[in-house]
Amino acid sequence: MSKPVLVVGAGPAGLAAAGALAGAGQSVVLVDKESRLGGAPILSGYAKLVPSGEWAKDAIGGMVRRVEQDALVTVKTGARVEKFEGEPGSFRATLSDGSSVEAGAAILATGFTHFDSVNKPEWGFGTFPDVVTTTQVEQMISSGRGVRCPSDGRKPQRVAILLCVGSRDRQIGREWCSKICCTVSCNIAMEIREELPDCHVYIYYMDIRTYGLNETFYWKSQEEFKVKYIKARIAEVTSDGQKLIVKGEDTLVKRPITIPFDMVVHAIGMDPNVENKSIAGVFGVGLQEHGHIARGSYGASGATSRPGVFVAGAATGPETIDDSIAQGNAAAMAALAMLRQKAAA
């Protein structure tokens with residue numbers, strides 16, 4: 001019998017990989033640094049996922065329960081891999097809790113880090129309490145408390161959602177598109193309007209990138225929920241003591257704008273995992289130019305620069321949850337195929 005596959009990271013990609021391997025009869029050791037499984041959707045309190053509309057606690061929570069109940073999956077939480085040695089079919093991982101794992105292959109599903117809006121100070125986050133992030137709004141919705149202004153708990157009457165915060169911004173070293181922010185923002189805007197029908201919601205954008213079938217969120221938010229879209233370049237977010245003030249330029253009509261709001265929401269992007277440099281060092285894999293884990297050729301699903309080590313999900317760059325799950329499944333099958341080939345040799 002082959003050694004287990006080591007899966008590092010228990011977000012959507014890691015859970016999918018572990019579940020797929022176990023479903024094929026392969027034993028798995030699933031390691032996560034956090035005390036709970038589920039990755040960002042669970043730990044950050046996401047609300048309804050796009051495009052399915054399912055609550056994160058149900059959709060991803062269901063994946064967690066299936067993995068935790070599977071006899072072929074050994075779960076180790078609160079642990080990191082500190083050393084990884086060997087070759088395909090015979091690896092040895094040393095964990096931070098002092099234990100070790102003999103593994104035939106490894107799958108890195110180590111995810112991403114949310115962009116910290118403190119790095120965009122001119123847009124008011126960290127200065128004004130009613131400037132929040134999309135993640136914070138999701139937490140308000142998923143908690144059942146509803147969308148409220150953090151400063152005093154009132155229901156906002158006017159909300160601005162600013163897109164591309166920490167994405168497509170060379171000035172702060174974030175040249176990539178984070179892929180999911182436009183669709184998530186359209187969905188959040190509709191959720192705000194659904195809860196607060198008297199609230200006016202504006203989305204300020206450079207471009208709208210609701211790719212593929214997600215374009216329906218863009219049109220539905222306008223036509224059914226009356227969300228207003230303004231093509232603009234935002235210069236700063238300030239306050240007059242009572243309202244937040246969004247200043248910038250409406251780039252369609254070429255005129256300056258100074259608009260008051262009760263709440264401003266940063267649609268934050270997806271940064272590379274802040275631990276990617278150390279992860280790459282431990283596992284002996286390469287990083288691409290922006291600091292994500294580099295994928296190998298198209299010939300092998302999820303291959304990295306090190307044979308026997310695979311990668312899936314947002315560890316490789318901004319990804320949707322659905323695509324992360326698909327990549328986790330693909331990496332699992334690639335790892336399983338490698339192990340079976342070695343066993344047959």
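Going by the structure above, here's the rest.
None of the values given here were measured: they were computed from a predicted structure.

Caption draft 1: How the structure looks around the nonpolar core. Core analysis: the largest hydrophobic core is formed by 38 residues, its most contacted members being Val7, Leu15, Leu21, Leu30, Ile107 and Phe310. Elements with a minimum of two residues in this core: β1 (5-8), α1 (12-23), β2 (28-32), α2 (39-43), α3 (56-68), β7 (105-108) and α8 (321-344). Residue contacts for Leu30: discarding those within four places in its chain leaves Val7, Gly9, Ala10, Gly14, Leu15, Ala18, Leu37, Val67, Val73, Thr74, Val75 and Lys76. Of all hydrophobic cores here, the second largest spans 33 residues; its members include Val132, Val159, Val227 and Tyr229.

Caption draft 2: Looking closely at the packing of aromatic side chains. Overall, the coordinates contain seven aromatic pairs when judged by the stated rule. Between Tyr202 and Phe261, the aromatic rings sit 5.6 Å apart at their centres with planes inclined by 75°, giving edge-to-face as the arrangement. In this pair, Tyr202 is assigned in strand β11 (residues 200-205) and Phe261 in strand β14 (residues 255-261), connecting sequence segments 59 residues apart. The exposure class assigned to Tyr202 is buried, which follows from its relative accessible area of 16%. The exposure class of Phe261 is buried, given its relative accessible area of 1%. Ring geometry for Tyr205 versus Tyr229: centroids 6.3 Å apart, planes at 65°, classification edge-to-face. Within this pair, whereas Tyr205 is found in strand β11, its partner Tyr229 is found in strand β12 (residues 228-239), the two being separated by 24 residues in sequence. With relative accessibility at 13%, the residue Tyr205 sits in the buried group.

What counts, and at which threshold
- Residues numbered from 1 in each chain as written.
- Predicted model: local features only at pLDDT ≥ 70, side-chain atom pairs only at ≥ 80, totals over all residues.
- Heavy atoms only, no water.
- Core = buried A, V, L, I, M, F, W, Y, C linked by side-chain atoms within 4.5 Å.
- Buried < 20%, exposed > 50% of the residue type's maximum accessible area, 1.4 Å probe, protein only.
- Helix = DSSP H or I, 4+ residues; strand = E, 2+ residues; numbered from the N terminus.
- Contact = heavy atoms within 4.5 Å.
- Phe/Tyr/Trp six-rings, centres within 6.5 Å; stacked < 30°, edge-to-face > 60°.

As far as function goes, none of this settles anything; it's purely spatial.
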